[in-house]
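The chain contents come next:
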Amino acid sequence: MVDPREAVAAVVDPEIRVITIDELGILRAVEKDPATGRVTVTITPTYTGCPAMDVIRADIRRALAAAGHPDADVRTVYSPAWSTDWISAAGRAKLAAAGIAPPPATRDAGTAPATRAGTVVPLTLAVRCPLCGSAETEQVSRFGSTACKALWRCRACREPFDHLKAL
Ligand SMILES: [Zn+2]
């Protein structure tokens, strides 16, 4: 029998298949009731109404059943709201490698854009092209290939790319 936390942490995001739900930061808790053996998983959606959440719930139950925990309950918690700050460093690296621009980590002091008094840079200007690294990018559509991503285009290399919505 595989540890339930381990089994759930390995579930990949159905839309961004290179990243696990643990790396994406949407996996909040995995608890097993020692008396009943029932596993309760708590997740926080990346985006309200994100259709991928139904798939994630089903994937979690399937992973738990395969790991020897058929009795599972998946709870969705909206508070505190998921933020792109919850994406792990490994997750950010995987997103970048997959050509998805990871949102800037506002919590990491080292990578946060310097905001001097009077020069507050809008978040949209921080979106860099994952292909050539240019900051000359523009949002093409609020909805990219999925409801959780927005479609952007690079003005330097003219390539479109998905950008995770920064919430
Ligand atoms: Zn580019």
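Analysis parameters
Residues numbered from 1 in each chain as written. Predicted model: local features only at pLDDT ≥ 70, side-chain atom pairs only at ≥ 80, totals over all residues. Heavy atoms only, no water. Donors = N, O, S within 2.8 Å, 3.2 Å for Na, K, Ca; no water. Tetrahedral: all angles 85-135°; square planar, octahedral: opposite > 155°, others 65-115°. Helix = DSSP H or I, 4+ residues; strand = E, 2+ residues; numbered from the N terminus. Buried < 20%, exposed > 50% of the residue type's maximum accessible area, 1.4 Å probe, protein only.

The name that an unreviewed UniProt entry assigns to the protein chain is Phenylacetate-CoA oxygenase, with the source organism given as Micromonospora haikouensis.

Asks: Would you explain the coordination of the zinc ion in this entry?
Replies: Six octahedral donors around a metal ideally subtend angles of 90 or 180 degrees, whereas four tetrahedral donors ideally subtend 109.5 degrees. The protein atoms that coordinate the zinc ion are Cys 129 (SG), Cys 132 (SG), Cys 154 (SG) and Cys 157 (SG), at distances spanning 2.3 to 2.4 Å. The site at the zinc ion holds four donor atoms, and with the angles between them running 104 to 119 degrees, its shape is tetrahedral. Linear spacing of the donor residues for the zinc ion on their chain is C-x2-C-x21-C-x2-C. Placement of the pair is Cys 132 in the loop between helix 4 (89-97) and strand 4 (137-141) and Cys 157 in the loop between strand 5 (149-154) and strand 6 (160-164), with a sequence separation of 25 residues. Its relative accessible area of 43% is what places Cys 132 among the partly exposed residues. Take Cys 157: its relative accessible area is 29%, and that puts it in the partly exposed class.

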